[in-house]
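Structural features, examined
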Amino acid sequence: MSARTGERMLIEQGLRQAIANDGLAVYYQPRVDLVGRRIVGAEALVRWPHPERGIVSPDSFIAIAEESGIIEQLGRWVLRRACNEMLGLERRIRESGGQFHLAVNVSARQFMGSDFIDNVRSVLEETGFPPTSLELEITESCLQTTERSLTLLKALDTLGVTVSIDDFGTGYSSLSVLRDLPVHRVKIDRSFIVDLQSSESQQAMVKAIVALSRIMHMSITVEGIETLEQADLLQEMGCHQGQGYHFGHPMASGDLLRLIEA
Ligand code: C2E
Ligand code: MG
Ligand code: MG
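Residues numbered from 1 in each chain as written. Chains lettered and ligands numbered in written order. Predicted model: local features only at pLDDT ≥ 70, side-chain atom pairs only at ≥ 80, totals over all residues. Heavy atoms only, no water.

1. Section: the overall build of the protein
We apply this condition: Comment: elements are numbered from the N terminus, with helices defined as DSSP H or I runs of at least four residues and strands as E runs of at least two. Atoms counted for the radius of gyration: C-alpha only. Globule rule: 2.2 Å times the number of residues to the power 0.38. A simple rule labels every residue: compare its accessible area, found with a 1.4 Å probe on the protein chains alone, to the largest value its type can have, and call it buried under 20%, exposed over 50%, or partly exposed in between.
The helix and strand tally for the protein stands at 10 helices and nine strands. Whereas a compact globule of 262 residues would reach a radius of gyration of roughly 18 Å, the protein reaches 18 Å, a difference of no more than 12%. C-alpha atoms of the protein, sized along the principal axes, occupy 50 × 45 × 40 Å. Burial analysis of the protein (262 residues in total) assigns 50% to the buried set.

2. Some details on the side chain of Thr 127
Note the threshold: Polar contact is the term for a pair of N or O atoms within 3.5 Å; when the atoms are in protein, one must be able to donate a hydrogen and the other to accept it, and sequence-neighboring residues count only if both atoms are side-chain atoms. Should any heavy atoms of two residues lie within 4.5 Å, those residues are counted as being in contact.
By the secondary structure assignment, Thr 127 is in helix 5 (residues 116-127). From its side chain, Thr 127 meets the backbone oxygen of Val 123 in a polar contact 2.7 Å long. There is a polar contact of 3.3 Å between the side chain of Thr 127 and the backbone nitrogen of Phe 129. The contacts of Thr 127, once residues within four sequence positions are left out, are Arg 80, Cys 83, Asn 84 and Leu 87.

3. Regarding the nonpolar core
Convention followed: Here the nonpolar core consists of buried residues drawn from Ala, Val, Leu, Ile, Met, Phe, Trp, Tyr and Cys, with membership extended through side-chain atoms lying within 4.5 Å.
Counting residues in hydrophobic clusters, the biggest one holds 78 residues, and the most contacted among them are Leu 102, Leu 136 and Leu 234. Per element, the largest residue contribution to this core is 11 residues, and it comes from helix 3 (residues 71-95). The residues contacting Leu 234, other than those within four sequence positions of it, are Leu 34, Ile 193, Leu 196, Val 206, Val 222, Ile 225 and Cys 239.

4. Points about the coordination of the magnesium ion (ligand 3)
Which entries qualify depends on this criterion: Atoms of type N, O and S within 2.8 Å of a metal are treated as its donors, and for Na, K and Ca the window is 3.2 Å; water is not considered, so some sites may appear to be missing partners.
Protein coordination at the magnesium ion (ligand 3): the donors are Asp 166 (OD), Asp 167 (OD), Glu 223 (OE) and Glu 223 (OE), at 2.0 to 2.5 Å from the metal. Within one chain, the residues donating to the magnesium ion (ligand 3) are spaced in sequence as D-D-x55-E. In this structure the magnesium ion (ligand 2) is found 4.1 Å away from the magnesium ion (ligand 3), and Asp 166 serves as a bridging donor for the pair. Here Glu 223 lies in the loop between strand 8 (219-222) and helix 9 (228-236) and Asp 166 lies in strand 6 (residues 162-168), a separation of 57 residues in the sequence. With respect to burial, Asp 166 and Glu 223 carry one shared label: buried.

5. What about the site of ligand 1?
Which entries qualify depends on this criterion: Near residues are defined by distance, with any heavy atom within 4 Å of the molecule or strand qualifying the residue. Using a 1.4 Å probe, the Shrake-Rupley method yields the accessible areas, and only the shown protein chains count as cover for residues. Residue classes follow a fixed rule: Ala, Val, Leu, Ile, Met, Phe, Trp, Tyr, Cys and Pro count as nonpolar, while Asp, Glu, Lys and Arg count as charged, and any other residue, Gly among them, counts as polar.
Around ligand 1 there are 23 residues in total, and Arg 47, Asn 105, Asp 166, Glu 226 and Tyr 245 lie nearest to it. The contact in question runs from a nitrogen atom of ligand 1 to an N or O atom on the side chain of Gln 29, over 2.9 Å. Here a nitrogen atom of ligand 1 sits 2.5 Å away from a polar atom, N or O, in the side chain of Glu 226. Within the complex, the protein chains bury 85% of what would otherwise be the 800 Å² of accessible surface of ligand 1. When residues of the shell around ligand 1 are traced back to their parent elements, those giving at least two are strand 2 (39-50), helix 3 and strand 6. With four residues, the top contributor of residues to the shell around ligand 1 is strand 2. Across the shell around ligand 1, the residue classes tally to nine nonpolar, five polar and nine charged.

Set out below in structure tokens:
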């Protein structure tokens, strides 16, 4: 136990330092329109380039950042960095008649934090990133305290920011709650895609989510697309956008730029 506590303290301390010294990095995973197969956006995913451990993935520090409260600073840092790094690319694509949505993850504690909306507003103002090209990915756990969630979602809607539900299908959000909230998009979790071709029940689940989203006027992004066959099947099923190793791994901003140019 004491070894684990020591390890957690090291991670907390290291994270605080990394945020203060701009020592974190953001990678971007392309998001593709499944019909036209063009890049229409990217998801920002935080990375921690660690002097001894190499590039540390968020799964090993997001939970600790949440429990310790560091997530609020970390979330603000990621949002600001991502808006700054994607500003030029977003403008270029928009001015040439296309669209580019930047998606940024928001954890439940960050979402419920007292100055969340002010933070989003001030980062948008500071960076000049257009709110209508920003998408915030929240999880089903953000919707549990319905009244407060509704107030926050309405405030984001007023700002013009898109909201999506990440890892959809893995949590416990009731359908009636979803119906009443200003949520624009669902992201179907990777776990539904893994055995998609061979599993009729997985296909039935995806079809059900597609039908549900249509009724609720929400669009769909599918996560974890690893093969062309999966992409084709999901397109046939009526899913709009996809993300996954088949289209591109998360990459540094310069690499995304080169990929889009190519
Ligand atoms: P997520 O938001 O659901 O992000 C998708 C994860 O799936 C990413 O892992 C991505 O690299 C991975 N992935 C994408 N395509 C594929 C694929 O085709 N196959 C497989 N096997 N995996 C794929 P990553 O970057 O390690 O992030 C893990 C989680 O950490 C994210 O899940 C998100 O919940 C969280 N996270 C990342 N960045 C942030 C952040 O800035 N703030 C917060 N609050 N959470 C973050
Ligand atoms: Mg996400
Ligand atoms: Mg996800």
